[in-house]
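Observations on the three-dimensional arrangement
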Amino acid sequence: MMKLKSRVQQQGFLLALRFLAVVLWSFPGARALDNGLAITPTMGWLHWERFMCNLDCQEEPDSCISEKLFMQMAELMESDGWKDVGYEYLCIDDCWMAPERDSNGRLQADPKRFPSGIRGLADYVHSKGLKLGIYADVGNKTCAGFPGSFGHYDIDAKTFADWGVDLLKFDGCYCDSVEHLEKGYKRMSLALNRTGRSIVYSCEWPLYMWPFRKPNYTEIRQYCNHWRNFEDVYDSWQSVKSILAWTSSNQKRIVDVAGPGGWNDPDMLVIGNFGLSWDQQVTQMALWAIMAAPLLMSNDLRHISPQAKALLQDKDVIAINQDPLGKQGYRLRKEDNIEVWERPLSDLAWAVAMVNLQEIGGPRFHTISIASLGQGLACIPDCMITQLLPEKKKLGFYQWTSDLKTKINPTGTVLLRLAAT
Ligand code: GLA
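Residues numbered from 1 in each chain as written. Predicted model: local features only at pLDDT ≥ 70, side-chain atom pairs only at ≥ 80, totals over all residues. Heavy atoms only, no water.

Moving on, we come to the overall build of the chain. Check the secondary structure of the chain and you find 14 helices and 16 strands. In summary, the chain has a C-alpha radius of gyration of 23 Å against a globular reference of 22 Å for 421 residues, a match within 12%. Each of the three principal axes of the chain carries a C-alpha extent, and together these read 90 × 40 × 40 Å. A buried classification covers 57% of the 421 residues belonging to the chain. For the chain, the proportion of contacts with a sequence separation of at least 24, taken over those separated by at least 6, is 72%. For the chain, the computed accessible surface area is about 17,700 Å², with 53% contributed by carbon and sulfur atoms. Side chains of the chain give 45 positive and 49 negative charges; the mean places of these two sets differ by 8 Å. (Helix = DSSP H or I, 4+ residues; strand = E, 2+ residues; numbered from the N terminus. Rg over C-alpha atoms; globule rule 2.2 N^0.38 Å. Buried < 20%, exposed > 50% of the residue type's maximum accessible area, 1.4 Å probe, protein only. Contact = heavy atoms within 4.5 Å. Areas by Shrake-Rupley, 256 points an atom, 1.4 Å probe, with all protein chains shown as cover. Lys, Arg positive; Asp, Glu negative; His and termini not counted. Charge placed at Lys NZ, Arg CZ, Asp CG, Glu CD.)

When cut into domains, the chain gives domain 1 (43–322) and domain 2 (330–420). The distance between the C-alpha centroids of domain 1 and domain 2 comes to 31 Å. Between domain 1 and domain 2, the residue contacts involve 25 residues of the former and 22 residues of the latter. Summing the contributions of domain 1 and of domain 2, the shared interface buries around 2,000 Å²; its carbon and sulfur component is 66%. It is Asp279, Ile290 and Ile320 in domain 1 that bury the most area against domain 2; as a group they hold 31% of the surface buried on that side. Put simply, domain 1 and domain 2 have two salt bridges between them. Put simply, lysine 392 and aspartate 316 hold a salt bridge, and the shortest N to O gap is 2.8 Å. (Domains from an automatic or database assignment. Buried area = accessible area lost by both parts, 1.4 Å probe. Salt bridge = Lys/Arg side-chain N within 4 Å of Asp/Glu carboxyl O.)

A word on the sheet that holds strand S9 (residues 330–335). Spatial strand order, S9-S10-S11-S16-S13-S14: six strands in an open sheet with antiparallel pairing. Two strands bound the open sheet, and with one partner strand each, they are S9 and strand S14 (393–399). Ignoring strand direction, the axes of neighbouring strands in this sheet form an average angle of 25°. Where strand S10 (residues 338–344) and strand S11 (residues 350–356) come together, seven bridges link them in antiparallel fashion. The partner of tryptophan 341 across the bridge, within S11, is alanine 353. Against the sheet, helix H12 (residues 278–290) touches S9, S10, S11, strand S13 (382–389) and strand S16 (413–420), its axis set at about 35° to S16. (Pairing = 2+ DSSP bridges. Axes fitted to C-alpha atoms, helices over the stretch in contact; angles between N-to-C directions.)

As structure tokens, this is what we get:
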């Protein structure tokens, strides 16, 4: 009888904790830009990291920045399953423009490389059931030296809307003062809104603010759908590692501000290129899911290994990235070169990633106590644990009081999903 009573009490206590978890995790974040977009992180493809500013269509017709490149990518996004798993925005970065505005002061695409114009390209992309993203700059020039939008925010927003553009990446080069930078990002947001077209607004405002003063993220969230905080991603482990390090060391400032409608953007996925080992690609995919990051691939969909494709198209990992609760994860601890990250998910589930940052030696075993996860609320009274990466396997039921032992490759990650029972 005693035993029964204590069990009932225990269950009551656990239920109360669960209730607390629901209350805690459903608390809404700061107000977002009210354009109804990016309710979950944007997914798509962006040309910069892989194709940069290649203008030489004579010598390199397959990799220069031209409508042909985007049309080929659009076709593959539709035919090779990318669209089906959620990659929807096909985005042009810098170097699409002609060197001068037209006689009416409007931006124009380089006529040789984009003979159909952006409007023609947008029609094609839309015919594939995809959306088109474009790039411009808040200052006097784009980073690669093409015409900037300073003094032309309204006309540029209107031009993009007329062309049928669905996303704008707005860079921050060549801005002569921090006041212009802030005003420019805000004015473009309002200009886009006034067009009446739904255009995702992707900013680099905080990245360009940091050297001058600390960005006001609550304000940025009211104007942008996502915002870059840190340097450009490169096709290297060093780069991915530095993005993770920046994110964890600034997490108190940036994690809580993310949520439906507004996200921190740690830059493109470089999976499927040359610089990351298999384990490092797993780490990028797992951690971009934990960070609720926009998933914008920059790779060549015409030449991608089946393994990289399967990783990028992993529905379970994408589901973590796109989880409707919309809470960004954070680094829980770092011990002996192993980092544990966690992210609260809807239905009281949790994602947990363990990264082995030790670059000497082989795979390492790591044991975590389940009770240390999710502020003690991740697995009450028990939960079903599935390993999603590096490969999917059901690990089974775990009690709140149990330990879990995993094996993590150097520079690799083990990604788990803990589901309430
Ligand atoms: C900046 C941005 C990059 C890319 C280039 C283009 O460096 O941060 O993402 O858009 O400009 O010139």
